[in-house]
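Tertiary structure, described
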Amino acid sequence: MVDTVFSLGGDLPVRRLGFGTGGLVGPGFWGPRGDREQARELLRAAVAGGASLLDTADNYGPELAEELVAEALYPYADGLVIATKGGVVRTGPDQWHLAGRPEQLRAACEASLRRLRVERIDLYQLHRFDPALPEAEQLGVLDQLRAEGKIRHIGLDTVSADQLARALETTPVAAVQNPFNLLDRSAAPVLALCEAEGIAFLPYYPLGSGALTRDGSAALAAVAAAHGAGPGQVALAWLLHHAPVLCPTPGTGSPVHLAQNLAAASILLSPAELGLLDALAP
């Protein structure tokens, strides 16, 4: 039986299959996507369907995704964990710029606190290390925010194993977000370090930007057919089986796809099926 719960930071139990809010905003993470009330209803449906980890960011929209989370779900139910990100400023569709100076990170965190209507953010993730600044300086301001009670746990987004190891010498890290899915396992060294340290790994593009929702291989199609499921559901189930720290948060703007994604947690893959799927990576 696959354990469907992970203790984020050692003290926040979450269902490992969560919900990402990137699909609630427009293409290139810019502007709205459809009706605002439909987006709020989707958030409510995600939580009602069992998702207890919501992953968002201040630059989704920008600001829109965080606003929708608060509009739909505040006051938040007990056990609901909200993760957001700062350190990137978006200026247009698929246009973003690093903003890792201490005063920028502090301002971004405090703005997220206001939009989410909370006094403390459960998981605050540095969206990117700014290479123009010392990594320790960027981690230092997050440490200060945590000491002030504005952040509960610190996370990192898009890091190498070396960067994560250096960060751990400075401060506890509760979560990492890197690309990882059935076909893209380039972050395997980061995942191995996360497993060794008990750090949550929130894989982004868990469905390969949609590629894994289609029958991309005979093996994936065969396993999906055996379970009466779609290939995307099997791809999510594979993540849950592959490593106990993997906590995928697939996003969608569709209620149908949301229900399909959440149902993936109930798919139990056999050792033979896992062997077939493991062999798919280039």
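Since the model is a prediction, treat every value here as computed from it, not as a measurement.

1. Describing helix α5 (residues 161–170)
By the burial criterion, the buried members of α5 are Gln163, Leu164 and Ala167. Within α5, the buried residues cover an arc of 95° as seen down the axis, which keeps them to one side. Relative to its buried face, α5 has exposed residues pointing more than 90 degrees away, namely Asp162 and Glu169. Of the surrounding elements, those touching the buried residues of α5 are α4 (135–147), β9 (151–157), β10 (175–177) and α6 (188–197).

2. A few points about the environment of Leu113
Note on placement: Leu113 falls in helix α3 (residues 102–116). The class of Leu113 is buried, set by a relative accessible area of 9%. For the pair Leu113 and Glu66, spaced 47 residues apart in the sequence, the C-alpha separation amounts to 9.5 Å. In this structure, Leu113 is in contact with Val118, Glu119, Arg120, Ile121 and Lys150, ignoring residues within four places of it in sequence.

3. Topic: the side chain of Asn59
Position of Asn59 among the secondary structure elements: in the loop between β4 (53–55) and α2 (64–73). Separated by 2.6 Å, the side chains of Asn59 and Arg90 make a polar contact. Asn59 has contacts with Phe29, Val88, Arg90 and His127, leaving out every residue within four places of it along the chain.

4. Side note on the environment of Arg115
Among the secondary structure elements, Arg115 is positioned in helix α3. For Arg115, a relative accessible area of 15% puts it in the buried group. As for Arg115 and Leu68, which are separated by 47 residues in sequence, their C-alpha atoms are 9.1 Å apart. Once you skip the residues sitting within four places of it in the chain, Arg115 turns out to touch Asp58, Glu63, Glu66, Glu67 and Ala70. Engagement of the side chain of Arg115 in a polar contact is seen with the side chain of Glu66, the distance being 2.6 Å.

5. Here's the deal with the packing of α5 against α6
At a minimum axis separation of 8 Å, α5 and α6 run at an interaxial angle of 30°. Between α5 and α6, the crossing angle belongs to the class labelled roughly parallel. Each of Ala161, Leu164, Ala165 and Leu168 in α5 lies in contact with α6, whose residues at this interface are Pro189, Val190, Leu193, Cys194 and Glu197. Each residue belonging to the contact of α5 with α6 can be placed in one class, and the counts come to 8 nonpolar, no polar and 1 charged.

Here is what the cut-offs are and how they apply
Residues numbered from 1 in each chain as written. Predicted model: local features only at pLDDT ≥ 70, side-chain atom pairs only at ≥ 80, totals over all residues. Heavy atoms only, no water. Buried < 20%, exposed > 50% of the residue type's maximum accessible area, 1.4 Å probe, protein only. Helix = DSSP H or I, 4+ residues; strand = E, 2+ residues; numbered from the N terminus. Arc of directions from axis to C-beta. Contact = heavy atoms within 4.5 Å. Polar contact = N/O pair within 3.5 Å; in protein donor to acceptor, adjacent residues only side chain to side chain. Axes fitted to C-alpha atoms, helices over the stretch in contact; angles between N-to-C directions. Parallel < 35°, antiparallel > 145°, perpendicular 65-115°, else oblique. Nonpolar A, V, L, I, M, F, W, Y, C, P; charged D, E, K, R; others polar.

Just geometry here; none of it tells us what the structure is for.
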